[in-house]
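A closer look at the structure
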Amino acid sequence: MFKCGGKIPVLEGERIRLRRMEQADSADLFRYWSDPLVVKYMNVPVFTSVGETAEMIDFLNGLSETEDTMRWGIELVQEQRLIGSCGFNTWELSGAYRGEIGYDIGRDYWRQGYMTEALRLILNYGFMTMGLNRIEALVDPRNSASRSILQSFAFHEEGLLREYQRTEEGFVDLIICSLLRRDYDSGGKYL
């Protein structure tokens, strides 16, 4: 059975590399996580300092050691700097074989195919290495960009979870989306 054990492997794409986030990445990630448009649907407040970003990096890396989360930094290969993050917010293997993904990317990199490349890498890792049968994403109904990219990977919108999450603006609905291993194996548009 898959165990992370705090080890976040490097996953290589054509233009990006997914890798462990380090303290040296704090300034780059702060640039994105302090942007209200980037964090709008992340259910975190806008980051206010590089130090706060460094604490989040340590927190996320610590969660990988307890098998709770696995979060990669999305690095542009040519520039060797992070432009966002992605990964598994949770996963459960025993009896369930499912995981939930999450992702973010700096506004300067929207609509350039970087997140498509990142999701292709983590979906493959989830199904082929972790042995997941089902990968889920929880999406705010107003987040049309996220809904669109998930649909391009053949995720199914299964239903609306009413007032599922508390945010600074109050309780919000989320759509639960899923991709099954059998759908992945049959190949989707981007797989």
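Below is a summary of the structure that appears in this document. (Residues numbered from 1 in each chain as written. Predicted model: local features only at pLDDT ≥ 70, side-chain atom pairs only at ≥ 80, totals over all residues. Heavy atoms only, no water.)

Turning to the side chain of Glu75, a few remarks are in order. Residue position: Glu75 is located in strand E3 (residues 70–76). Within the structure, Glu75 has its side chain in polar contact with the side chain of Arg17 (distance 2.6 Å). Polar contacts involving the side chain of Glu75 include one to the side chain of Arg19, which spans 2.9 Å. For Glu75, the contacting residues outside a window of four places in its chain are Arg15, Ile16, Arg17, Arg19, Gln80, Arg81 and Leu82. (Helix = DSSP H or I, 4+ residues; strand = E, 2+ residues; numbered from the N terminus. Polar contact = N/O pair within 3.5 Å; in protein donor to acceptor, adjacent residues only side chain to side chain. Contact = heavy atoms within 4.5 Å.)

The subject of this paragraph is the pairing of strand E8 (residues 170–180). Consecutive side chains of a regular strand alternate in pointing toward one face of the sheet and then the other. Across the 11 residues that make up E8, a large majority, nine, are buried. As judged from the six bridges shared by strand E6 (residues 134–139) and E8, these two strands associate in the antiparallel manner. Residue pairing across strands places Arg134 opposite Leu180, the latter belonging to E8. Relative to E8, strand E7 (residues 156–167) runs antiparallel, the two sharing eight bridges. What sits directly across from Glu157, in E8, is Cys177. Between the end of E7 and the start of E8, which pair antiparallel, lie two residues. (Buried < 20%, exposed > 50% of the residue type's maximum accessible area, 1.4 Å probe, protein only. Pairing = 2+ DSSP bridges.)

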